[in-house]
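# A structural walkthrough
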Amino acid sequence: QVQLVESGGGLVQAGGSLRLSCAASGRTFSRYFMGWWRQAPGKEREFVAAATRSGSSTYYADSVKGRFTISRDNAKNTIYLQMNSLKPDDTAVYYCAAASVSTPDLVAGRVDYWGQGTQVTVSS
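Residue positions are given per chain, counted from 1 along the sequence in the order it is written. In keeping with the predicted nature of the model, local features appear solely for residues at pLDDT of at least 70, side-chain atom pairs appear and are counted solely at 80 or more, and the whole-chain, interface and lining totals rest on all residues. Water and hydrogen atoms play no part in the side-chain values, which are based on all heavy atoms of the structure.

Let us now look at the environment of threonine 58. Tracing the backbone through its elements, the reader meets threonine 58 in strand β6 (residues 58-60). As a C-alpha pair, threonine 58 and threonine 69 span 11 residues in sequence and 8.5 Å in three-dimensional space. The residues contacting threonine 58, other than those within four sequence positions of it, are Ala50, Ala51 and Ile70. What counts as a helix is a DSSP run of H or I of at least four residues, what counts as a strand is a run of E of at least two, and both are numbered from the N terminus. When checking whether two residues touch, look at their non-hydrogen atoms; a contact exists if any pair is within 4.5 Å.

And the structure:
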């Protein structure tokens, strides 16, 4: 019922910035808790950031806190991830995710929908 399409990934030097976006289809976008996960080759997919239905409350992994900002625009059915001060360790495929129950569920990986992912590569 819900499709998620990420964009905005690319190659950036350490210390640079990127903004990812996730466009969602569906008539009830505002009902979902939205977030971002990432996965590097050979590693487990890990939580990055999440937002409540209104976007008024946000949650971040310790590794990105203070550098990344998640936001959402329910009128546009879009969620964003502003990434600043990027590090080589941030290199991964970034996935948009939606959970219908709660933000803790999304943080824990209990996700109803995943996007296809967008590659972020940070060079040193």
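From this point, the discussion proceeds with the structure in view.
Each aromatic ring pair is summarised here by two numbers: the centre-to-centre distance and the angle between the ring planes. Between 30 and 60 degrees the pair is tilted, below 30 it is stacked and above 60 it is edge-to-face, where a pair is any two Phe, Tyr or Trp rings, Trp via its six-membered ring, whose centres lie within 6.5 Å. Taken as a whole, this structure holds 4 aromatic pairs when the rule is applied. For the pair tyrosine 32 and tyrosine 113, a centre-to-centre distance of 5.9 Å together with 75 degrees between the ring planes defines the contact as edge-to-face. Linking tyrosine 32 in the loop between β3 (18-24) and β4 (33-39) with tyrosine 113 in strand β10 (residues 113-114), this pair joins segments that are 81 residues apart in sequence. Per-residue accessibility, obtained with a 1.4 Å probe over protein chains only, is compared with the maximum for each type, and a residue is labelled buried under 20%, exposed over 50%, and partly exposed between these values. Here tyrosine 32 falls in the buried class, since its relative accessible area comes to 12%. Residue classification places tyrosine 113 among the partly exposed residues on the basis of a relative accessible area of 21%. For the pair tryptophan 37 and phenylalanine 47, a centre-to-centre distance of 6.0 Å together with 75 degrees between the ring planes defines the contact as edge-to-face. Of this pair, tryptophan 37 sits in strand β4 while phenylalanine 47 sits in strand β5 (residues 46-51); the two residues are 10 residues apart in sequence, bridging distant segments of the chain. Judged by relative accessible area, phenylalanine 47 falls into the buried class, the value being 13%. The rings of Trp37, Phe47, Tyr95 and Trp114 are connected pair by pair, giving a single aromatic cluster. Positioned above the aromatic ring of tyrosine 95, the side-chain terminus of arginine 45 is 3.8 Å from the ring centre. In this scheme, Lys NZ or Arg CZ marks a charge over a ring once it lies within 6 Å of the ring centre and within 35 degrees of the ring normal.

Before going further, it helps to examine the environment of phenylalanine 47. Each C-alpha atom of the pair phenylalanine 47 and glycine 35 lies 8.3 Å from the other, and the pair is 12 residues apart in sequence. For phenylalanine 47, the residues in contact, after removing those within four places along its chain, are Trp36, Trp37, Tyr59, Tyr60, Ala61, Leu106 and Val107.

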